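Listed here are the chains, written in short residue letters.
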Amino acid sequence: MKLFPSTGLSKAGVLGINSRNLDFIAAYNPRRFYPLVDDKVITKKLAIEAGVTVPELFGVIRYGGEVHLIEEIAKRHKSFVVKPSRGSGGGGIMVFNGVAKAGLRRMNGRIMPWGDVKYHLNNMLSGMFSMGDGSDQVMLEERLVPHSAFSKLAFGGVPDVRVIVFRGIPVMGMLRLPTAESDGKANLHQGGIGAGIDMVTGITTRGVQHNDSVDLHPDFETPVRDFQVPGWPDILELVSRLGHHVGLGYVGVDIVICEHKGPTLLELNARPGIAIQTANLRGLRPLLEAIHALPDIPEDVHKRIEIGKANWTRQSLERFHTLEGDHV
Ligand SMILES: Nc1ncnc2c1ncn2[C@@H]1O[C@H](COP(=O)(O)OP(=O)(O)O)[C@@H](O)[C@H]1O
Ligand SMILES: [Mg+2]
């Protein structure tokens, strides 16, 4: 089923890729800030400076001669993920939860032999999964554990929450759920489920997989709608604060709600995809235009969150044009 009939797309306020690139990314994201978010090692440092929780970095493999280091790091930490530092869409990421003599244990219980692990690391180093040309480095990172509320909604990996933040104001969100098909990753391109989120309550409204509506998680048969995302107010605060801090006007912030660490930053994206609109069955354009029209943006993060919620419910944003220090 086509979720947005193509003729009705712009009427529905759906933001197309060209407009996203020109009106929002080019206009609001100075190029000099791209390196901060395109490289996950740098993003991690920036987030730590901003006081945001991130997965611990166990090590970085920079070239072929260092690939053997994985054995040592694996023995020490046992549960971790490997990911290309400049990867996107889940490409190249592998999640491991144990070490055996013969290799590393994947989330599906199978052992990946050391030879295959190292071959994969070399592929990641060659830049096969990375943005731009040229080689990349491989991060070995702490494996986050999903919050217990996801026990019947996340198959073999951690869900994440993507929030589009514009001028420091949260605009639209979706919960992404890993499936057996998506192999421990929550990315939609890998076969994860995207569920729209009501920005006021943090409750999911509907789900999509491969652009089709889904009501039930295919691996558990549990409903994907009417799920309360745990810690929603904390998530809104984290994304709005960081979105403001990073210098990019238009940014996608990916958060994992970890059972042990709480809301944890996975990555920032300077060119967030537009499929979030399909997950919410709602266009971004009117929400972004209302924020674009604001003459000034409050420094206070809670005020920005209130603006985001009012925008979502299409209330007038005028009343937020109060003097700094006023409470809304
Ligand atoms: N440290 C981690 N622990 C557990 N799962 C992870 C971790 N990092 C990434 N993942 C899984 O992989 C997906 C993609 O990770 P992310 O860091 O956002 O990279 P990409 O840029 O490729 O999207 C996440 O949504 C999550 O499901
Ligand atoms: Mg991501």
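Q: Please explain the overall build of the protein chain as it appears in this structure.
A: The secondary structure content of the protein chain amounts to nine helices and 13 strands. The C-alpha atoms of the protein chain give 20 Å as radius of gyration, which agrees with the globular expectation for 328 residues (20 Å, within 12%). Reported as C-alpha extents along the three principal axes, the dimensions of the protein chain are approximately 65 × 45 × 35 Å. Looking at the protein chain as a whole, 52% of its 328 residues qualify as buried. Summing over all exposed atoms, the protein chain offers an accessible surface of approximately 14,400 Å²; the carbon and sulfur share of this is 53%.

Q: Just to check I follow, could you spell out the packing of aromatic side chains for this structure?
A: Where two aromatic rings form a pair, the distance of their centres and the angle of their planes describe that pair. Scanning the entire structure with this criterion turns up seven aromatic pairs. Relative to Phe-96, the ring of Phe-80 has its centre 5.7 Å away and its plane inclined at 45 degrees; by these criteria the two rings are tilted. Linking Phe-80 in strand β2 (residues 80-84) with Phe-96 in strand β3 (residues 94-99), this pair joins segments that are 16 residues apart in sequence. Each member of the pair, Phe-80 together with Phe-96, is buried. Consider the rings of Phe-155 and Phe-220, whose centres lie 6.0 Å apart with planes at 55 degrees: the pair is tilted. A residue pair is termed long-range when its members are at least 10 positions apart, and Phe-155 in the loop between β6 (138-142) and β7 (160-166) and Phe-220 in the loop between β11 (212-214) and α6 (232-245) qualify at 65 residues.

Q: Just to check I follow, could you spell out the coordination of the magnesium ion (ligand 2) for this structure?
A: Octahedral metals with six donors have ideal donor angles of 90 or 180 degrees. Tetrahedral metals with four donors have an ideal donor angle of 109.5 degrees. Summarising the metal site, the magnesium ion (ligand 2) is bound by the protein donors Asp-254 (OD) and Glu-267 (OE), whose distances to it range over 2.0 to 2.7 Å. On the criterion of sequence distance, the pair formed by Asp-254 in strand β12 (residues 250-258) and Glu-267 in strand β13 (residues 262-269) is long-range, its members being 13 residues apart. Overall, Glu-267 belongs to the buried group, its relative accessible area being 12%.

Q: Which parts of the structure should I look at to understand the site of ligand 1?
A: Taken together, the neighbourhood of ligand 1 is formed by 21 residues, with Lys-40, Lys-83, Gly-90, Glu-142 and Asp-160 sitting nearest. Between a nitrogen atom of ligand 1 and a side-chain N or O atom of Glu-141, the distance comes to 2.8 Å. Here an oxygen atom of ligand 1 and a side-chain polar atom of Glu-267 are 2.9 Å apart. Considered on its own, ligand 1 offers 550 Å² of accessible surface; in the complex 99% of this is hidden by protein. For the shell around ligand 1, the secondary-structure elements that each account for two or more residues are β2, β6 and β13. Of the residues in the shell around ligand 1, the class split is six nonpolar, six polar and nine charged. In terms of domain composition, the shell around ligand 1 takes at least three residues from each of domain 1 (6-53 + 147-320) and domain 2 (57-142).

Calculation rules
- Residues numbered from 1 in each chain as written.
- Chains lettered and ligands numbered in written order.
- Predicted model: local features only at pLDDT ≥ 70, side-chain atom pairs only at ≥ 80, totals over all residues.
- Heavy atoms only, no water.
- Helix = DSSP H or I, 4+ residues; strand = E, 2+ residues; numbered from the N terminus.
- Rg over C-alpha atoms; globule rule 2.2 N^0.38 Å.
- Buried < 20%, exposed > 50% of the residue type's maximum accessible area, 1.4 Å probe, protein only.
- Areas by Shrake-Rupley, 256 points an atom, 1.4 Å probe, with all protein chains shown as cover.
- Phe/Tyr/Trp six-rings, centres within 6.5 Å; stacked < 30°, edge-to-face > 60°.
- Donors = N, O, S within 2.8 Å, 3.2 Å for Na, K, Ca; no water.
- Near = heavy atom within 4 Å.
- Polar contact = N/O pair within 3.5 Å; in protein donor to acceptor, adjacent residues only side chain to side chain.
- Nonpolar A, V, L, I, M, F, W, Y, C, P; charged D, E, K, R; others polar.
- Domains from an automatic or database assignment.

Geometric descriptors of this kind do not, in isolation, establish any biological role.
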